[in-house]
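Structural features, examined
The primary structure of each chain is shown beneath.
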Amino acid sequence: MSWQKVSETRWERPVDGLEGYFVVMAGISASLCDGREHYTIFSKLKLETTELDVAPALRRAWEQMRHEQPQLATSVEGMKKVYEVPDEKALGEWLSSTFVVSQASDAEELYQSVGPIKQATLYYLPKSSEVVVRGHHHTLDGTGLLLFWHSFLEALGSPAKEIKFGDEPARLAPAMEKVLGYPEQPTQELNDKATALFMTWAGSIPGIGPVSQLGTAPSGKCHNMERVFPVDVTKALIVACKARGVSVSAAVHAAYIKAIEKHADPNSKLSEYVTATQFNLRPYLPEPYNSSKYAVSVYYTPLPYKIELPTSYWDIAESLHKYYETSFKGKPEALELKGHFTRVLCGAVQTPEFLASPVPKDALVSSLGIAERYVKREYGSGIKVTDLKVGVDVVMGMSMFFFYTFHDQLRLVYSFNDGFENAENIGKYLEEVQAILTQESLP
């Protein structure tokens, strides 16, 4: 899974299991939904700047990011990632196609009007002082997006004096298994374990879920509904979680389970919640792969989780806390299993049997934690970050539920498709999550 130089300007490597999964899912949705790719990931920042000629500075920082993290400009051919070292003409064409100054009134208007992308793309919205990045999920992940913003804003505030392309392929992000030095071919024991782990999820889905027309109705428009908690409620929740010995991630995830339990489709499996939650694995990688220098990468994994219902809120939260805290810490064998597990996942989603099976109606859950661990509130040249949002395009598959804190406020983002789910219902789920967290955290 190493990058190979195949000509003077072209580099290639095979996708890993998780990258391959996203390539397959994007290809399926694109073929059926006018080129729109499922799980295209995006993030928005709102900036205050005092010392910059903003548009040229952003364009220069974007160019610098391609040089520092060339995976930003990779493409996919079949199941291969491809990078081309640009000459001056190719670089100009890339900048013209991937750096866009939009006259949309704000990021929400932009989001409803943009089409499919060929490569990661940056948008500047001068009317709202917002910057938006969109990228394929086989190029980067949620935590990677936040780390990308940090590197980008560092480049914006302290630009490089010279950018000279030609040496950047040495910085192409390797597959995670390559970073950790694991063999590509699993032993029979590891292969059996990976298959068994996959079946704990695939053999149990779908579990409990809300009402959704996914699988029976055509795809509609993608939306990312947001709910931002007041600072005092967020602080009270943190205090309550510490007193109970559970993480905020576990508490919010538990609240989501209780919310969909209340609003469950009566025809779903009401006796069990089944999911595959996302784990950022950068803390287990050596330098520099655990840092913002390799933000543009897919260094995480889903991992199955299930719990019988009904179960009390705090019992669910404690179960999730243990799951979040112990699944990978001090378990190198779990890290090695990750690569084989995601290859099984990638293989399965290409089979007619899997594609014909019922799709879970609940959202995939992704906690991004404290955003300031990755992206600061202020940078050089008088740059302030006043708002942040992360979401994905849900085109033809499961919804996603992101949560994180920024500026001391808990933020929930529910990414969904209005062809499958009603916006009013999504609002009710978020309202219910907040009500549960407020009830459980406030004396």
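Along the polypeptide, Ser297 turns up in the loop between β10 (272-280) and β11 (300-308). Within the local environment of Ser297, its side chain forms a polar contact with the side chain of Arg282, the two groups lying 3.2 Å apart. Of the polar contacts made by the side chain of Ser297, one reaches the backbone oxygen of Tyr294; its length is 2.7 Å. Each residue touching Ser297, except ones within four places of it in the same chain, is listed here: Gln71, Thr139, Leu140, Asp141, Ala173 and Arg282.

Let's shift gears to the nonpolar core. Within the largest apolar cluster, 77 residues are counted, with the highest numbers of intra-cluster contacts made by Tyr21, Trp62, Phe148, Trp149, Phe152, Leu153 and Leu388. Sorting elements by how many residues they give to this core places helix α5 (residues 142-157) first, with nine residues. Contacts of Leu153, omitting those with residues within four sequence positions, involve Leu45, Leu47, Val375, Tyr379, Ile383 and Val385. The next biggest cluster of nonpolar side chains, apart from the first, holds 54 residues, and it includes Val233, Ala264, Leu281 and Tyr429.

Next up on the list: helix α9 (residues 248-262). Spanning 15 residues, α9 covers 21 Å between terminal C-alpha atoms, matching the ideal 21 Å at 1.5 Å per step. The element α9 is largely enclosed, with a buried count of 11 among its 15 residues. Here α9 has its buried residues at Ser249, Ala250, Ala251, Val252, His253, Ala254, Ala255, Tyr256, Ile257, Ala259 and Ile260.

Of all the nine residues making up β11, seven are buried; the element is thus mostly covered by neighbouring parts of the structure. The pairing of β10 with β11 spans nine bridges and is classified as antiparallel. Along β11, the bridge assignment pairs Asn280 with Tyr300.

Attention now goes to the pattern of salt bridges. Side-chain pairs of opposite charge can arise where the charged atoms are in close proximity. Per the counting criterion, the structure on display carries 23 salt bridges. A salt bridge links Arg13 to Glu19; the shortest N-O distance between them is 2.9 Å. For the pair Arg13 and Glu19, a shared accessibility class is recorded, and that class is buried. Here Arg282 and Asp141 are joined by a salt bridge, their closest N and O atoms 3.0 Å apart. Within this pair, whereas Arg282 is found in the loop between β10 and β11, its partner Asp141 is found in the loop between β8 (130-135) and α5, the two being separated by 141 residues in sequence. In this pair, the class of Arg282 matches that of Asp141, namely buried. If you follow the salt bridges from partner to partner, you end up with Arg10, Glu12, Glu77, Lys80 and Glu84 in one network.

Rules behind the numbers
Residues numbered from 1 in each chain as written. Predicted model: local features only at pLDDT ≥ 70, side-chain atom pairs only at ≥ 80, totals over all residues. Heavy atoms only, no water. Helix = DSSP H or I, 4+ residues; strand = E, 2+ residues; numbered from the N terminus. Polar contact = N/O pair within 3.5 Å; in protein donor to acceptor, adjacent residues only side chain to side chain. Contact = heavy atoms within 4.5 Å. Core = buried A, V, L, I, M, F, W, Y, C linked by side-chain atoms within 4.5 Å. Buried < 20%, exposed > 50% of the residue type's maximum accessible area, 1.4 Å probe, protein only. Expected span 1.5 Å × (residues − 1). Pairing = 2+ DSSP bridges. Salt bridge = Lys/Arg side-chain N within 4 Å of Asp/Glu carboxyl O.

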